[in-house]
Amino acid sequence: MRAIDLIEKVRDKKELTEEEIKYFINGYTNDEIEDYQVSAFLMAVYFNGLSDEETCYLTDAMLNSGDIIDLKEIEGIKVDKHSTGGVGDKTSLVLGPLVAACGLNLAKLSGRGLGHTGGTLDKLESIPGVTINLNEERFLNQVNEIGMAIAGQTKNLVPADKKLYALRDVTGTVKSYPLIASSIMSKKLAGGADLIAIDCKYGSGAFMKTIEEAEALSRLMIKIGKKYHKKVFSFITDMKSPLGKAIGNKLEVLEAINCLQNKGPKDLETLCVELCSYMLYKSKTINNLNEAREFTYSKLRDGSAYKKFIEFIKAQGAISLDFNNFIQVKEIIPLFPRISGYIEEIDALTLGKVSMLIGAGRATKEDSIDPEVGILLNKQIGEYIKIDEPILYIYKNDKWDNDIPDILLNAIKISKTEVKEKKLIEKVIE
Ligand code: URA
């Protein structure tokens, strides 16, 4: 078998066999196939796609390129959740404790932020003392003891994805259904959970710009999951505007804590409650979705989920549980709207890019981040803002550009007539 023949097959829209895909992925993982050949392969896939069957073979080859976590030692139902990435997405920090408080086990491997999107690991590490480097034994013990753990991917978990993703990032081949679906699902399957919830975002701040694109990606991921006899469901959710009001690592941790203390923004609370309720329902822990919802709300309202959060960060090394004076920035700049009115649009992509510019995110994987900085919105879509009220606050240290205030104000559309709240959850695909 030769790599060139396989590249030509994809270029000419001919189907690859399972053996051919295995050969290609193993060859690349073991440094036997060169980056330039894999780049050509990825571009051919980007333009011509792969069949669903080929995508399943690709996922399987990636999944088997490294370790697979065995969660057998964990008693009860093991669940996992994956977001396709967005701006202000601190869902895992709220959902994890909520799920654990409801009696399920969240065994989650997370990633770091890249570009305008944030990552759970960066948010967790902004809490002094918290580590995301848990070895397998500590990870499994923690899930068994408190019902949740969130860790970074170990080096040998889906190594094929690590190499492929880095190459896709620099060859313009990220946005491809088979490549995204195989990348996400190989990691989720390697994580070993019984039930996988996907939060598939659409809108300016997401990979998928439309509901239809998010739905197509979701269906592909569900199909892959079914091959492995896993229960997978996908929420199609809005990422035209940020989730919640906070963007930036420590700001998002505080917002997650507020949410767990029943003081959080409604969109974040709703998303977490709905995801948890669906997990309870789909895992047959509770056979009625409304009852699952009621149960989930009761665990949020009575403080059980917040208690779990405290147990969780303590278990992962938090040295202080005092979040007063948690954020230390040189300056907090209030930004005022140009007119009074109802907020119609807050462009997630622009806010994510500005947050990255002031240090909250990284442009390349090697960049360091500043956990203190970010943007805190004062209002969300549908709310009325007066001209003399700050529309948002910029938490900044040294990284700055004088155009930022104008860029942000241009990203927020204000209407003179009433505007409806955004519809956060478009649909659920199973
Ligand atoms: N997230 C992933 O893990 N992989 C992709 O390809 C895109 C988003």
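Up top is the structure.
The shown structure was predicted, so the numbers you read here are calculated from the model rather than taken from an experiment. (Residues numbered from 1 in each chain as written. Predicted model: local features only at pLDDT ≥ 70, side-chain atom pairs only at ≥ 80, totals over all residues. Heavy atoms only, no water.)

Visitor: Where do I start with unusual backbone geometry in this structure?
Guide: Note: most peptide bonds trans; most residues except glycine with negative phi. Phi is positive for H229, close to 55°, though the residue is something other than glycine. Relative to the helices and strands, H229 resides in the loop between α10 (211–227) and β5 (231–238). You can call H229 exposed: its relative accessible area is 75%. A positive phi is found at K284, a non-glycine position, where the angle reads about 65°. Following the sequence through the fold, K284 ends up in the loop between α12 (266–282) and α13 (289–301). (Helix = DSSP H or I, 4+ residues; strand = E, 2+ residues; numbered from the N terminus. Buried < 20%, exposed > 50% of the residue type's maximum accessible area, 1.4 Å probe, protein only.)

Visitor: Even after reading the chapter, I still don't get the site of the ligand, so can you show me in this structure?
Guide: For the ligand, the full set of nearby residues is Y165, R168, I180, S183, I184, K187 and F207. With respect to the ligand, the side chain of R168 contributes an N or O atom lying 2.9 Å from an oxygen atom. Within the side chain of S183, one N or O atom sits 2.6 Å away from a nitrogen atom of the ligand. In isolation the ligand exposes 240 Å². Once the protein is present, 90% of that is buried. Counting residues per element, the ones that place at least two in the shell around the ligand are α8 (159–171) and α9 (177–191). (Near = heavy atom within 4 Å. Polar contact = N/O pair within 3.5 Å; in protein donor to acceptor, adjacent residues only side chain to side chain. Areas by Shrake-Rupley, 256 points an atom, 1.4 Å probe, with all protein chains shown as cover.)

Visitor: Looking at this structure, I do not really get the sheet that holds strand β8 (residues 341–346). What am I missing?
Guide: Hydrogen bonds along the backbone pair up the strands of a sheet, which may run parallel or antiparallel. Taken together, the three strands give an open sheet; going across it, the order is β10-β8-β12, and neighbouring strands pair in antiparallel fashion. The strands lining the two open edges of the sheet, one partner per strand, are β10 (384–385) and β12 (412–415). (Pairing = 2+ DSSP bridges.)

Visitor: For this particular structure, what's the right way to read the nonpolar core?
Guide: Nonpolar side chains tend to gather and get buried jointly when the protein is soluble and globular. With 84 residues, the main nonpolar core has I127, M279, L392 and L408 as its most contacted residues. Of the residues forming this core, the biggest block, nine residues, is contributed by α12. Other than its neighbours up to four places away in sequence, M279 contacts V79, D80, K81, L95, V99, L104, L195, A197 and F233. Listed in part, the 59 residues of the second largest apolar core include L134, L217, I224 and V232. (Core = buried A, V, L, I, M, F, W, Y, C linked by side-chain atoms within 4.5 Å. Contact = heavy atoms within 4.5 Å.)

Visitor: Please explain the layout of surface pockets as it appears in this structure.
Guide: Empty space among the atoms can be located by rolling a probe the size of a water molecule over them. Empty space within the second largest pocket amounts to approximately 330 Å³. The wall of the second largest pocket is formed by 16 residues, among which K266, D267, Q380, E421 and K422 lie closest to the centre. With three residues, the top contributor of residues to the lining of the second largest pocket is α12. Counted by class, the lining of the second largest pocket contains six nonpolar, four polar and six charged residues. (1 Å grid on protein atoms, 1.4 Å probe; cavity = no way out; pocket = protein on both sides within 12 Å on 5 of 7 lines; lining within 4 Å. Points joined across faces, edges and corners; volume = space filled by probe spheres on them. Nonpolar A, V, L, I, M, F, W, Y, C, P; charged D, E, K, R; others polar.)

Visitor: How should the sheet that holds strand β13 (residues 425–429) be read in this particular structure?
Guide: Taking strand neighbours across the sheet as the criterion, the six strands line up as β3-β2-β1-β4-β5-β13 in an open arrangement whose pairing is mixed. Each having just a single partner strand, β3 (148–152) and β13 make up the two edges of the open sheet. Strand-to-strand twist across the sheet, computed as the mean angle between neighbouring axes with direction ignored, equals 20°. Of the pairings in the sheet, the one linking strand β1 (residues 78–83) to strand β4 (residues 195–202) comprises five bridges and is parallel in character. (Axes fitted to C-alpha atoms, helices over the stretch in contact; angles between N-to-C directions.)

Visitor: In this structure, what is going on with the side chain of N105? I would like to understand it.
Guide: Structurally, N105 can be placed in strand β2 (residues 105–110). Once you skip the residues sitting within four places of it in the chain, N105 turns out to touch I74, E75, G76, I77, K78, V79, V143 and G147.

Visitor: Is there a simple way to think about helix α14 (residues 304–315) in this case?
Guide: Helical geometry: 3.6 residues make up each α-helical turn, so side chains three or four residues apart lie on a common side. Helix length check: α14, at twelve residues, gives a terminal C-alpha distance of 16 Å against a target of 16 Å (1.5 Å per residue), a fit within 8%. Taken residue by residue, α14 has A305, K308, F309, I310, F312 and I313 as its buried positions. Next to the buried residues of α14 lie α5 (91–101), α6 (120–125), α7 (136–146), β3, α11 (249–260) and α13. G317 sits one or two positions beyond α14 and adopts a positive phi of about 105°. (Expected span 1.5 Å × (residues − 1).)

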